[in-house]
Amino acid sequence: MAVEELQSIIKRCQILEEQDFKEEDFGLFQLAGQRCIDEGHIDQLLEVIQNEKNKVIIKNMGWNLVGPVVRCLLWNNKEDDKVKYFLLLDLLVKLCNPKELLLGLLELIEEPSGKQISQIILLLLQPLQTVIQKLHSNKSYSVGLALSTIWSQLSLLPVPCSKEQIQADDYGLCQCCKVLIEFIKPFVKEITDDQENSLETQRLKDELLKFCFKSLKCPLLTAQFLEQSEEAENDPLRSFASEIIGFLSAIGYPFPKMILNHGKKKRTWDYLEFEEEEDKQFTDSLASLAYLVFVQGISIDQLPMVLSPSYLLQFNMGHIEVFLQRTEESVFSKGLDLLENSLLRMEDNSLLHQYLEIKSFLTVPQGLVKVMTLCPDETLRKKGLAMLQLYINKLDSQGKYKLFRCLLNTSNHSGVEAFIIQNIKNQIDMSLKRTHNNKWFTGPQLISLLDLVLFLPEGAETDLLQNSDRIMASLNLLRYLVIKDNESDNQTGLWTELGKIEKNFLKPLHTGLNMSKAHYEAEIKNSQENSQEVQRSKDFCSVTVGGEEMPNMPPEMQLKVLHSALFTFDLIESVLARVEELIEIKTKCTSGENTGIK
């Protein structure tokens, strides 16, 4: 019945001119053709399509059958049927109006979700390429529309993050990336073959450039790459990245050009105007590109050898800042790797303090602090700490001084502040051992820095437990200064400022310790008195410390926490007592008599 209906429609349309086809004819042809497919009359349908007399009809109406054929290819598992469906699809692509086919194929690509996305893309990329190549006008628009549609769908797929996920490729992203490269190659070749650089070629170049930068953001910004060299060669995402960078070079935007025009976007992007959203895309994409070149080593041999390490660091700092602003571990870990790669090119103490006037040179270390304190992954926290130390090591003395002041004012984290204070101590130690003192870590400059270290933020009411790391580091620094700097020499300026230090730091610390110990001892006593009664009624109790209720936990554990706090206060108190003892001895004795004090 379906075949007879199709034959009837064909006979009626054969006597009509192309311009006389009506909307009703299109609808009837589509319904009859789809029924033929549904009922399995593929051979008869192939005869109709291959009949030369029906050439005009198929050209205008046949594209409506592409959807049903594609759905059969996706859901029919019989190999014999699939061969016929593929033949049917190839004939339709060959014979139908390419403009109508283009829109029909893109609609099919937009339809699916989940794992079906890759299935439809893998099936239709080759037909889509053929259709676009048949278009003789405005091809750049068609290429751009196709690439935008494909990218929008691929961006919905999860990016594999491990070797096992890459090999499994459950959602088909890696396969799609491989096939997508083959899809793009003919259009790249059109650009490289056009010596006259026509307007249409320039428009095609712009569309490919947009797609390359979109791909650098997704999937390559979040993609993880296989590490071992022998495995890296078989890494589909790395291969995709390499091809994308190769396309950029082929269409006239090699990576070295971007570096040499860093900060001069208008000179680099002569023809492509980025809108606001695309400008953000550009920032993420260029960061991804920098990582691929410098860390993964893709096309790094194209870089001029004359570029200095400080120039490359300056180029990369903006990209590192972009990475560290992201919350995905797979992304900001790349920022750590790129920072390490850039810093290792430099000698210690060679990074001039003037670079800290560039915004990213201060925001990057602040980003490292966030990684160190907020990242749930211990390995990345340790890597962030190591990178901050490496960064400090590369700065000159004035740069270190500026960075220390900045981080002490902005970190708001006791552990980080303790780390900075330890670095200050190390710099003072090196300064005192030199023949010529370093003015940034001795005398008036150091005193200004110590004002940020040797004080309690809220005086005697400062939360000593929360600030214990910072307080211990400050006391150890003060102890070191008292021992190493004799009052007669006063290289650090400590002895001139001793009265202020006692007023702002030592005395409030004494008072705070007494208050804190009394409070915690009272809590321990209350907890011990109530523990038996609480145990009879329920297994958990609550204790209020410093105005805040501790989380519910067994009484034994709460007692352990309270005793641990008391131990911390005792430790601080013992170091404080030793510092005050040393100050008293130093102020009473001459410099010569105190040479051996430790």
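Residues numbered from 1 in each chain as written. Predicted model: local features only at pLDDT ≥ 70, side-chain atom pairs only at ≥ 80, totals over all residues. Heavy atoms only, no water.

Asks: Can you walk me through the confidence of the model for the protein chain in this structure?
Replies: Low pLDDT means the predicted coordinates in that region are not meant to be read closely. Looking at the protein chain as a whole, its pLDDT mean stands at 87, while 87% of the residues score no less than 70. Considering each helix and strand of the protein chain separately, the mean pLDDT is smallest for helix H16 (residues 265–268), with a value of 50, and largest for helix H21 (residues 378–394), with 97. (pLDDT = per-residue confidence, 0-100. Helix = DSSP H or I, 4+ residues; strand = E, 2+ residues; numbered from the N terminus.)

Asks: What am I meant to see in H21 here?
Replies: Three- or four-residue spacings in an α-helix give side chains the same orientation, since the helix completes a turn every 3.6 residues. With 17 residues, H21 extends 25 Å from end C-alpha to end C-alpha; this agrees with the ideal 24 Å at 1.5 Å per step. Buried within H21 are the following residues: Leu380, Gly384, Met387, Leu388, Leu390, Tyr391, Ile392 and Lys394. Packed against the buried residues of H21 are helix H18 (309–325), helix H19 (329–343), helix H20 (360–374), helix H22 (397–410) and helix H23 (414–433). If you check the start of H21, you find a side-chain oxygen 3.0 Å away from the backbone N of threonine 379, and it comes from aspartate 377. (Expected span 1.5 Å × (residues − 1). Buried < 20%, exposed > 50% of the residue type's maximum accessible area, 1.4 Å probe, protein only. Contact = heavy atoms within 4.5 Å. Polar contact = N/O pair within 3.5 Å; in protein donor to acceptor, adjacent residues only side chain to side chain.)

Asks: How do you make sense of the nonpolar core when you look at a structure like this?
Replies: A general tendency of soluble globular proteins is for nonpolar side chains to be buried together. Counting 190 residues, the largest nonpolar core has Leu128, Phe183, Leu208, Ile424 and Leu509 as its most contacted members. Beyond its immediate sequence surroundings of up to four residues, isoleucine 424 is in contact with Phe404, Leu408, Phe441, Leu446, Leu449, Val453 and Leu477. (Core = buried A, V, L, I, M, F, W, Y, C linked by side-chain atoms within 4.5 Å.)

Asks: Sorry, what's going on with the environment of leucine 125 here?
Replies: Within the secondary structure, leucine 125 sits in helix H8 (residues 116–134). Measuring from C-alpha to C-alpha, the distance between leucine 125 and cysteine 176 comes to 9.2 Å, with 51 residues separating the pair along the chain. Those residues in contact with leucine 125 that sit more than four places away from it in its chain are Ile150, Val179, Leu180 and Phe183.

Asks: Is there a simple way to think about the packing of helix H6 (residues 79–95) against H8 in this case?
Replies: The description of two packed helices rests on the angle between their axes and on the distance between the axes. Where H6 meets H8, the closest approach of the two axes is 9 Å, and the angle between their N-to-C directions is 20 degrees. Relative to H8, H6 is oriented roughly parallel. In the crossing of H6 with H8, the sense of the turn from one axis to the other is right-handed. Of the residues in H8, those in contact with Phe86, Leu89, Val93, Lys94 and Leu95 of H6 are Leu123, Pro127, Thr130, Val131 and Lys134. Considering only residue class, the contact of H6 with H8 consists of 7 nonpolar, 1 polar and 2 charged. (Axes fitted to C-alpha atoms, helices over the stretch in contact; angles between N-to-C directions. Parallel < 35°, antiparallel > 145°, perpendicular 65-115°, else oblique. Left-handed = near helix turned anticlockwise from the far one by under 90°. Nonpolar A, V, L, I, M, F, W, Y, C, P; charged D, E, K, R; others polar.)

Asks: I keep staring at the packing of aromatic side chains and nothing clicks. Help me out?
Replies: The geometry of two aromatic rings is summed up by the distance between their centres and the angle between their planes. One pass over the structure, following the stated rule, counts 12 aromatic pairs. An angle of 85 degrees between the planes, with centres 6.1 Å apart, marks the rings of phenylalanine 255 and phenylalanine 315 as edge-to-face. You can see phenylalanine 255 sitting in helix H15 (residues 255–260) and its partner phenylalanine 315 sitting in helix H18, a full 60 residues away along the chain. Comparing phenylalanine 255 with phenylalanine 315, the two get one shared label, buried. (Phe/Tyr/Trp six-rings, centres within 6.5 Å; stacked < 30°, edge-to-face > 60°.)

Asks: What is the right way to read the packing of H22 against H23 from this model?
Replies: Running from N to C, H22 and H23 cross one another at 155 degrees; their axes reach a closest spacing of 10 Å. Viewed along their axes, H22 and H23 adopt a mutual orientation that is roughly antiparallel. The two elements H22 and H23 cross, and the hand of that crossing is left-handed. Every residue of H23 that contacts H22 at Lys400, Phe404, Leu407 and Leu408 is listed here: Glu417, Ile420, Ile421, Asn423, Ile424 and Gln427. Its residues placed into classes, the contact of H22 with H23 shows 6 nonpolar, 2 polar and 2 charged.

Asks: I tried to follow unusual backbone geometry on my own but got confused; where do I start?
Replies: Working note: non-glycine residues mostly have negative phi, and peptide bonds are mostly trans. For the bond from cysteine 218 to proline 219, the omega torsion is 20 degrees, close enough to zero to count as cis. Along the chain, the position of proline 219 falls in the loop between helix H12 (199–217) and helix H13 (229–232). If you check the backbone angles, aspartate 169 has positive phi at about 45 degrees while not being a glycine. Looking at aspartate 169, the relative accessible area reads 11%, which means it is buried.

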